[in-house]
Amino acid sequence: MRIVVVGSANDTAKVALDSIKETLKKKPNSVICFPTGSSPLPLYNAMVEDYKKKKTSYKDVITFNLDEYKGLGSKHNQSYRYFMDVNLFNNIDINPDNINFPNGVLKDLKGECARYHKLLEENHRDIQILGIGSNGHIGFNEPGTPFDSTTHVVSLSASTIRDNSRFFTSIKEVPKQAITMGLSEIIDSDKIILIATGINKAKAVRDCVKGPIDESCPASILQKHDNVLLILDKDAASLL
Ligand code: F6R
């Protein structure tokens, strides 16, 4: 793993963007899988600014997203699709036809997982971008998720519901289930960029980097991959 420690959350953006642009230069039709949440927000802001100023084009890029809440449609302001539209997709020249997302409002969620898995199999990722949960989750793969898991429906852990309640007006509104890409699909990417900031990520980052490769810390699967870039602020790196 290559670990870059930067001064602040905003500084993570430049390192991540440089790495993405390096890949896009070689392959303008790269397949990129994105996370939502606070960790990648500085990156998405930087991508939009860079697109406006330097005209880096995403028109041939194919995108996937890691996860989506069960029951929240694309127009719901807490859905992950809405987050991506508002913070990134609507502000760059991405082709809407190239955006792939799990659909959390379908009745047949099992069928939806199978559809998404097939698409992922057909579109090997060049870049997988990740955040990490304070319990070591990646995507919504909570501790104990098998490393060979594929896209599936999950029940969110109490700690994840608590962490994510900051985006909702009350904890009761946080959906209890979600669709998430599985761990075997997440590591099926040429390059993985994980961004973590803040002291509440320090233990998860330590377990990811230095702990045993074990399903009790889903992010520890990254130790099996030979092209991982970890971008951390000082607080997130403080236990390394
Ligand atoms: C979101 C996702 C999650 C987040 C993680 C960290 O799509 O897959 O694994 O990356 O919960 O969230 P933040 O960045 O909000 O701390």
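Residues numbered from 1 in each chain as written. Predicted model: local features only at pLDDT ≥ 70, side-chain atom pairs only at ≥ 80, totals over all residues. Heavy atoms only, no water.

Enquirer: Describe in detail the site of the ligand, supporting the description with residues and values.
Expert: In the neighbourhood of the ligand, 15 residues make up the surrounding shell, with S39, D67, H137, G139 and K201 lying closest. Taking D67, its side chain carries an N or O atom lying 2.7 Å from an oxygen atom of the ligand. Compared with its free state, where it exposes 410 Å², the ligand has 95% of that area covered by protein. For the shell around the ligand, the residue count by class is four nonpolar, eight polar and three charged. (Near = heavy atom within 4 Å. Polar contact = N/O pair within 3.5 Å; in protein donor to acceptor, adjacent residues only side chain to side chain. Areas by Shrake-Rupley, 256 points an atom, 1.4 Å probe, with all protein chains shown as cover. Nonpolar A, V, L, I, M, F, W, Y, C, P; charged D, E, K, R; others polar.)

Enquirer: Pulling in residues and values, what's your account of the sheet that holds strand β3 (residues 62-65)?
Expert: Strand order in the open sheet made by the six strands is β1-β9-β8-β5-β2-β3, with parallel pairing throughout. What marks the edges here is a single partner per strand, and that holds for β1 (2-6) and β3. Within the sheet, the average angular offset between the axes of one strand and its neighbour, ignoring direction, is 15°. Pairing geometry for strand β5 (residues 125-130) and strand β8 (residues 189-196), over five bridges, is parallel. Counterpart to Q128 in the pairing with β8 is I192. (Pairing = 2+ DSSP bridges. Helix = DSSP H or I, 4+ residues; strand = E, 2+ residues; numbered from the N terminus. Axes fitted to C-alpha atoms, helices over the stretch in contact; angles between N-to-C directions.)

Enquirer: Break down the packing of aromatic side chains for me, with residues and values.
Expert: A complete count under the given rule lists eight aromatic pairs for this structure. Residues F64 and Y116 carry aromatic rings whose centres are separated by 5.7 Å and whose planes lie at 75° to one another, so their mutual orientation is edge-to-face. Within this pair, whereas F64 is found in strand β3, its partner Y116 is found in helix α4 (residues 109-122), the two being separated by 52 residues in sequence. As far as the burial class goes, F64 and Y116 line up, both buried. When the ring of Y69 is compared with that of Y80, the centres are 4.7 Å apart and the planes differ by 45°; the resulting orientation is tilted. Here Y69, found in strand β4 (residues 67-69), pairs with Y80, found in helix α3 (residues 80-87); they are 11 residues apart in sequence, far enough to count as distant. As far as the burial class goes, Y69 and Y80 line up, both buried. (Phe/Tyr/Trp six-rings, centres within 6.5 Å; stacked < 30°, edge-to-face > 60°. Buried < 20%, exposed > 50% of the residue type's maximum accessible area, 1.4 Å probe, protein only.)

Enquirer: Describe α4, with residues and values.
Expert: A rise of 1.5 Å per residue sets the reference length of α4, with its 14 residues, at 20 Å; its end C-alpha atoms lie 20 Å apart and thus fit the reference within 8%. Taken together, the buried positions of α4 are occupied by L109, E112, C113, Y116, L119 and L120. Buried positions in α4, seen along its axis, are confined to an arc of 125° and lie on one side of it. Residues of α4 that are exposed and point over 90 degrees away from its buried face: K110, K118 and E121. (Expected span 1.5 Å × (residues − 1). Arc of directions from axis to C-beta.)

Enquirer: Pulling in residues and values, what's your account of the environment of I127?
Expert: Mapped onto the fold, I127 is located in strand β5. Overall, I127 belongs to the buried group, its relative accessible area being 0%. Each C-alpha atom of the pair I127 and I186 lies 9.9 Å from the other, and the pair is 59 residues apart in sequence. In this structure I127 touches I20, T23, V31, I32, C33, S189, K191 and I193, once residues within four positions along its chain are discounted. (Contact = heavy atoms within 4.5 Å.)

Enquirer: Lay out the nonpolar core in plain terms, naming residues and giving numbers.
Expert: Of all hydrophobic cores here, the largest spans 40 residues; its most connected members are I20, F34, L43, M47 and L88. Looking at this core, the elements with two or more residues in it are β1, α1 (12-26), β2 (31-34), α2 (41-54), α3, β5, β8 and β9 (228-233). In this structure L88 touches F34, Y44, M47, V48 and F83, once residues within four positions along its chain are discounted. By size, the runner-up hydrophobic cluster in this structure holds 30 residues, among which are Y116, L119, V209 and A237. (Core = buried A, V, L, I, M, F, W, Y, C linked by side-chain atoms within 4.5 Å.)

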